[in-house]
Each structure stands twice: as C-alpha cells, then as structure tokens.
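Coordinates in review
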Amino acid sequence: MARLIDGKAFAARLRTRIADETAEFVTDTGRRPGLAVVLVGDYAASQVYVRAKQKACEEAGMSGSVHRLAPDTTQAELLAVIARLNADAATDGILVQLPLPDAIDADAVIQAIDPAKDVDGFTTASAGRLLIGLPGLVACTPLGCLMLLKEVAGDLAGKTAVVIGRSDIVGKPMALLLLRESCTVTVAHSRTQDLPAVVRSADIVVAAVGRPEMVKGSWLKPGAIVIDVGINRVPAAAGKTRLVGDVDFDEAEQVAGAITPVPGGVGPMTIACLLHNTLKAARSRAGLNPTT
Ligand code: NDP
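Residues numbered from 1 in each chain as written. Predicted model: local features only at pLDDT ≥ 70, side-chain atom pairs only at ≥ 80, totals over all residues.

Quick look at helix H3 (residues 75–87)
Selection criterion: By definition, any uninterrupted DSSP run of H or I lasting at least four residues is a helix, any uninterrupted run of E lasting at least two residues is a strand, and each is numbered from the N terminus. In this scheme, a helix's expected span is set at 1.5 Å multiplied by one less than its residue total. Working definition of burial: number of other C-beta atoms within 10 Å of the residue's own, with buried at 20 or more, exposed at 12 or fewer, and partly exposed in between, all C-beta atoms being placed from the backbone. Directions from the helix axis toward the C-beta atoms define the arc. Working definition of a contact: two residues with C-beta atoms, positioned from the backbone, lying within 7 Å.
Over its 13 residues, H3 extends 18 Å from the first C-alpha to the last, a length consistent with the 18 Å expected when each residue adds 1.5 Å. For H3, the set of buried residues is Leu78, Ile82 and Leu85. For H3, the angular spread of the buried residues around the axis is 65 degrees, confining them to a single face. Relative to its buried face, H3 has exposed residues pointing more than 90 degrees away, namely Ala76, Arg84 and Ala87. Residues of H3 that are buried make contact with strand E2 (34–40), strand E3 (63–69), strand E4 (93–96) and helix H4 (106–111).

Observations concerning the site of the ligand
Rules: Here, nearness is defined through the C-beta atom: a residue counts as near a molecule or strand if that backbone-placed atom lies within 6 Å of it. Under the scheme applied, nonpolar residues are Ala, Val, Leu, Ile, Met, Phe, Trp, Tyr, Cys and Pro; charged residues are Asp, Glu, Lys and Arg; polar residues are all the others, including Gly.
Taken together, 25 residues lie near the ligand, and Gly165, Ser167, His189, Ser190 and Gly210 sit nearest. In terms of residue count, the dominant contributor to the shell around the ligand is helix H10 (residues 266–285) (three residues). The residue makeup of the shell around the ligand, split by class, is 10 nonpolar, 12 polar and three charged.

Some points on the nonpolar core
Put simply, the rule is: Nonpolar cores are identified as sets of buried Ala, Val, Leu, Ile, Met, Phe, Trp, Tyr and Cys residues joined via C-beta atoms within 7 Å. Domain start and end points were adopted from an automatic or database domain assignment.
In this structure, Val163, Val205, Val206, Val226 and Leu275 are the most contacted members of the largest nonpolar core, which totals 87 residues. Per-element tally for this core: the top contributor is H10, with 10 residues. Both of domain 1 (30–115) and domain 2 (140–268) provide at least three residues apiece to this core.

Notes on the pairing of strand E8 (residues 225–228)
For clarity, the cut-off: Note on pairing: DSSP must find at least two bridges between two strands before they are called paired.
Alternating residues of E8 divide into Ile225 and Ile227 and Val226 and Asp228, and every residue in both groups is buried. Pairing of strand E7 (residues 204–207) with E8 involves four bridges; the strand directions are parallel. Bridge pairing links Ala207 to Asp228 in E8. Bridge count for E8 against strand E11 (residues 258–259) is two bridges, and the pairing is parallel.

Some words on the UniProt feature "domain: Tetrahydrofolate dehydrogenase/cyclohydrolase catalytic" (unreviewed entry) in the protein
The condition that has to hold: UniProt positions are given in the numbering used here, feature names are shortened, and annotations may be inferred rather than shown by experiment.
What UniProt calls "domain: Tetrahydrofolate dehydrogenase/cyclohydrolase catalytic" (unreviewed entry) maps, in this numbering, to residues 5–120. Note that residues 5–120 is 50% helix and 16% strand, and that its end C-alpha atoms are spaced 24 Å apart.

Overview of the sheet that holds E7
Sheet architecture is open: six strands sit in the order E1-E11-E8-E7-E5-E6, paired in parallel fashion. Each end of this open sheet is capped by a strand with a single partner; those strands are strand E1 (3–4) and strand E6 (184–188). One ladder, built from five bridges, connects strand E5 (residues 160–164) with E6; its direction is parallel. Following the sheet pairing, Val163 is matched in E6 by Val187.

See below:
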C-alpha cells in the first residue's frame, strides 16, 4: 500500500514557517510583505479563490489587498492598475486572477507585471529564468509539487520522471524543475503514443491533465511516487458531486510507493507557495537574501 503524501499537513507546516519568517521580515524592515490580487468581474469560483488568498496572507502576517474591477473594465484600465501596483513600494507581489473577461488579452496583462513582483511566475521573464537556471519566482503549483517530492524522496537526481501535461502553468515548469533536480524527464501530452508504457518507465509521475482518474494503477511502475495535480468534479451518489484527481487513486495506491490524495494533496501547496513567493519577492525587494 502506498504512503499517503499529506499535502494539507505539509502546507500547514510551510505556512507556519512562512509566518515566522514574515514576523522576522517585519522586524527587519518595519513593514509587512504585501500581496495585491487583481480580480476583474464576478466569476464565482474566482471570488472564492481570491478570498482564500487574502485570508492566507493575513494569517501569515502579510498584507493582502484585493483590487476588484467591474466586468466591463477595459484592457487599458486594467493595465493602468498593474502599472500603479508595479510602482507601489508596499506591493511585493501582484497576482491577476484568471480567467479574465474575453475582451481582455490576458497575456498582455500578465506580461505587464514587474517580474520582481510576479508571484505567480507566469511572465516570460520568470519562465525564461527557470528555463536557463537563473533564480527567480516559480509558478506555485509545480513548486509545491517539487517540495512534496523532495519531502518524500529526498535527492531526486538520476530518477526518471514523467510529467503528463505540457501547460505553461503546470506541466512545462514542472518538467524544468525536475530537470533542474537532475531527473531524466519525459513530458507526455495528448499526442503521446502508448502513454501507459511511457508512465510505466517512471520513478516519479506527475499528472496534470484535467481528465478524471485517467492514470490507472496498471500504468505505474511498482513503488513509483505519484503526484496528482488534477482537480476534477465528477457526479457522485444522491445527485451530489465529488472531487477526483487525474489518477485512479484506489488502483494507484495498490501499486505506487507514495501518492498524493485529491483533495488534500497538491491543492493546499499552491496557496502555501504563493505565500512563499510573496515573502521571497519582499525579501528580494528589501535587499535581503531571498531564500531563507
Ligand atoms: P491544461 O488543460 O492547460 O493542460 C492539460 C494538458 O494535459 C495538456 O498539455 C494536454 O495535452 C494534456 N492532455 C489532455 N488530454 C490528455 C490525454 N488524454 N493524454 C495525455 N495528455 C493529455 O491544464 P492545466 O495544466 O492548467 O491543469 C491540469 C490539471 O491540473 C487540471 O485538472 C487543473 O484543474 C489542475 N490544476 C490544479 C491546480 C492545483 O492547485 N492543484 C492548479 C492548476 C491546475 P495537449 O497539450 O496536447 O493538449
């Protein structure tokens, strides 16, 4: 039976450590690290995410401000808000909650964020720094996955890793992080041939696909470490719904060496890593060593 990788507990420990380090930052600098979240429109799920991020900031001793803009905000108005936050000395991190309304070019908005404040790690500057191995702010979800992997497996050098999914926000940065750890990395996607055989070659499997329970137990190498990024809502009994990952958990836990559950695995790490990145940006901007 696989060891359960308790992302919720790990994230709680990380958040406690970040709160301690935030208190030190406040003592050293006389100000709180500040995260500005920009929310355009009234998309219900975004409201929930934004509130959770603001609450997490406050619990860590940071200042979390939410800039709520009307659904008909123009791109120019949004860019003006970003420019103001870029110039604001009290703002260390800027996060634009996605999705944005169709009339706005999301990429143009993301690229307008000062890379020093890019706590989501989505700007081309941040992605490029990761690609060529320079220090910088790394996308929160893959960063959280890497932290869990290192907690479970320690040194990852020499391990074979398969990342299923090649999105700019999860799959690609995950693959680069694993490469940085000296794993031998394969990136699989919708055109990959014989995916089960590819997955079976891996000591580490990261599934970031968005397809409920796609990865079967029979696909896994016995003892593999499985990180399930997927969050899929599927029908359950009595007309209700439940969350499942991209991995068939019941099957996989019979074969894997360790596995993240959904929920309670990668999800809680994403928000903890947002706090990690905000503190890192604040330390860097204050001229302190960004890594503690
Ligand atoms: P995207 O839809 O952007 O990317 C999905 C990737 O999966 C694509 O690269 C796609 O391939 C690949 N894919 C789709 N179908 C298959 C298939 N049948 N076989 C192999 N590969 C396939 O998704 P994201 O990366 O944004 O998110 C992935 C999952 O992670 C989602 O469930 C999302 O909800 C979840 N997520 C969870 C987070 C968390 O905090 N836990 C944060 C972010 C995302 P191709 O490129 O060829 O189309």
